[in-house]
Amino acid sequence: MNRWDKFTETFFNAKVMEKYLPDILSGMVVTIELALLIVVTGLAAGLALALLRALAIRPLNWLIIFIVDLFRSLPPLVVIVLIYFGLPYAGPAPSGFVSTWLSLAFVLMAFSEEIFWAGITSIPKGQWEASRSTGLSFSQTLFNVVLPQAFRLTIPPLTNRTIAITKGTALGTVVAVTEILGQASSAMSNSYNPSPLMMGAAAYIVLFFPVVVAARWIESKFAWKR
Amino acid sequence: MIQTFFNLDIMMAAWPIVLSGLKNTILLSLIVVPLGLLGGLILALLASIKHPLVRWPLMAWVDFFRAFPPLVLLILLFAGLPFAGLELGGFACVAIAFFLNTGSYYGEIFRAGIESVPNGQVEAARSTGLSRLQAMRYVVLPQAVRNVLPDLLSNTLEVVKLTSLGSVVAVPELLYEARQAQSITYNPTPIVMAAVIYFLILWPLVRLLSRLENRALAGRR
């Protein structure tokens, strides 16, 4: 057996791959579920916070800014570990899946609030005044005048950040979530062969590469021509 | 509640462990940030060669590492390479993974910066007799870096936060040491300590960034 055969035999072992393919696929399902949950709840919470902040209630805004800063400065893995290993001491013991979901949703909430808020504040005051003076209410102004313009501005930074945070689902493996990396690692230790890990890596590329390419396209489409 | 999460006795006991973790986190950051910057600069300089044979593979390279979760890359190096007879320590794996991953992000940022400098400047610099490299070094790069400084800072923040992944491959950084202390004391206080330390160190940077970003986005209209 020459070196190349030995290499493929080790890293791309067909037998091992066939055996563990179902595990990797089920891992992909978990990763997708987790990612969708994080994106939907994180972005919704971020937008909600940004809208609350637009009400300009001082103490509330300080609280929002603090929460946002907190989750922007804590590493996601630290938040996951804190929830998964820390919370049980106080009572509720969330599963690894819930811990990962909550943590990354909080992180995405923080980052997206910041981006949404920057988008809202980028709309000149004159537009607010103009629409209020035409008889639109505060919420009508917000939803019909400000947000449509703000969204356009926020899309490129938002897509980038969302992808970066969604990739963090791999962190779930540290708290025993059976997503792709978790499945691949346990398959690797069961078979004592790195092929499952290679499959896991391929699975991530299959899932995320199209998203990154799409993001590149979105970025150029929504870029502000100077 | 306070007894559980902010236990003073345990804080005192865990402090030396957590402190040594903090030192390693700082050390690790001081190694991986310049490494990532270097990788990014190389990628961006290569990207300034407009030849399609350079441009497309480069774009694929960058997109590949943008799509690949850093933890997967790290595990691949740490647990996969030994099968090929190459056993690197956790520290070396972190360094390589970060060089590849964060280098791609830094590369994109540098590239955007270089492209933000008008072409006329390069032409002017070249016509005064500067070589291509000199024009890049003395004319384009200083302006490019200034133009994308908020993005560079923001990515650096992410890189420092990412060093916590080292805990997965037993690099004794802040999170790892806090976990160790937690399992010895059977109390979550050390993890809370680690979180507070991360927050205190990185908060000023986050504040600064949120100002810069707000200004940048508002100025783009």
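Parameters at a glance
- Residues numbered from 1 in each chain as written.
- Chains lettered and ligands numbered in written order.
- Predicted model: local features only at pLDDT ≥ 70, side-chain atom pairs only at ≥ 80, totals over all residues.
- Helix = DSSP H or I, 4+ residues; strand = E, 2+ residues; numbered from the N terminus.
- Rg over C-alpha atoms; globule rule 2.2 N^0.38 Å.
- Buried ≥ 20, exposed ≤ 12 C-beta atoms within 10 Å, placed from the backbone.
- Contact = placed C-beta atoms within 7 Å.
- Axes fitted to C-alpha atoms, helices over the stretch in contact; angles between N-to-C directions.
- Parallel < 35°, antiparallel > 145°, perpendicular 65-115°, else oblique.
- Left-handed = near helix turned anticlockwise from the far one by under 90°.
- Nonpolar A, V, L, I, M, F, W, Y, C, P; charged D, E, K, R; others polar.

What am I meant to see in the overall build of chain A here?
The helix and strand tally for chain A stands at 9 helices and 0 strands. A compact globule built from 226 residues would reach a C-alpha radius of gyration of about 17 Å, whereas chain A, at 22 Å, exceeds it by more than 25%. Overall size of chain A, expressed as C-alpha extent along the three principal axes, is 80 × 50 × 25 Å. Counting across all 226 residues of chain A, residues that qualify as buried make up 44%. Contacts in chain A between residues far apart in sequence, at least 24 positions, make up 77% of those at least 6 positions apart.

Would you take a moment to explain the packing of helix 2 (residues 8–47) of chain B against helix 5 (residues 90–116) of chain B for this structure?
Geometrically, a packed helix pair is captured by the angle between its two axes and the distance between the axes. Residues and elements named next belong to chain B. In contact at an axis separation of 6 Å, helix 2 and helix 5 are set at 50° when each is read in the N-to-C sense. By the angle class used here, helix 2 and helix 5 are oblique. Here the hand of the crossing between helix 2 and helix 5 comes out right-handed. For the contact of helix 2 with helix 5, the residue count by class is 17 nonpolar, 7 polar and 1 charged.

Mind showing me how you'd approach the packing of helix 2 (residues 14–54) of chain A against helix 3 (residues 58–73) of chain A here?
Residue and element names in this part refer to chain A. The geometry of helix 2 relative to helix 3 is characterised by a closest axis approach of 9 Å and an angle of 150° between their N-to-C directions. Relative to helix 3, helix 2 is oriented roughly antiparallel. As helix 2 runs across helix 3, the sense of the crossing is left-handed. Within the contact between the two elements, helix 2 uses L49, L52 and R53 and helix 3 uses L60, N61 and I64.

What's the story with the interface of chain B and chain A in this structure? I'm lost.
On the chain A side, the residues contacting the 42 residues of chain B number 40 residues. Of all the secondary structure elements, the ones that give two or more residues to the side of chain B that touches chain A are helix 1 (2–5), helix 3 (52–67), helix 4 (70–80), helix 8 (149–162), helix 9 (174–185) and helix 10 (189–219) of chain B. Residue contributions to the side of chain B that touches chain A peak at 15 residues, all from helix 10 of chain B. Of the residues contributing to the side of chain B that touches chain A, the split by class is 28 nonpolar, 6 polar and 8 charged.

Teacher, can you tell me more about the environment of F6(B) here?
Residue and element names in this part refer to chain B. Locating F6 in the fold gives a position in the loop between helix 1 and helix 2. Assessed through the 14 C-beta atoms surrounding it within 10 Å, F6 is described here as partly exposed. In this structure F6 touches T189 and V192, once residues within four positions along its chain are discounted.

For this particular structure, what's the right way to read unusual backbone geometry?
With glycine set apart, most residues show a phi of negative sign, and most peptide bonds adopt trans. Despite not being glycine, Y192(A) has its phi angle at roughly 45°, a positive value. With respect to the helices and strands, Y192(A) occurs in the loop between helix 8 (180–191) and helix 9 (195–222). Overall, the presence of 8 C-beta atoms within 10 Å leaves Y192(A) in the exposed class. Positive phi, normally seen in glycine, also occurs at A170(B), with a value near 60°. With respect to the secondary-structure elements, A170(B) resides in the loop between helix 8 and helix 9. For A170(B), a count of 12 C-beta atoms within 10 Å corresponds to the exposed category.

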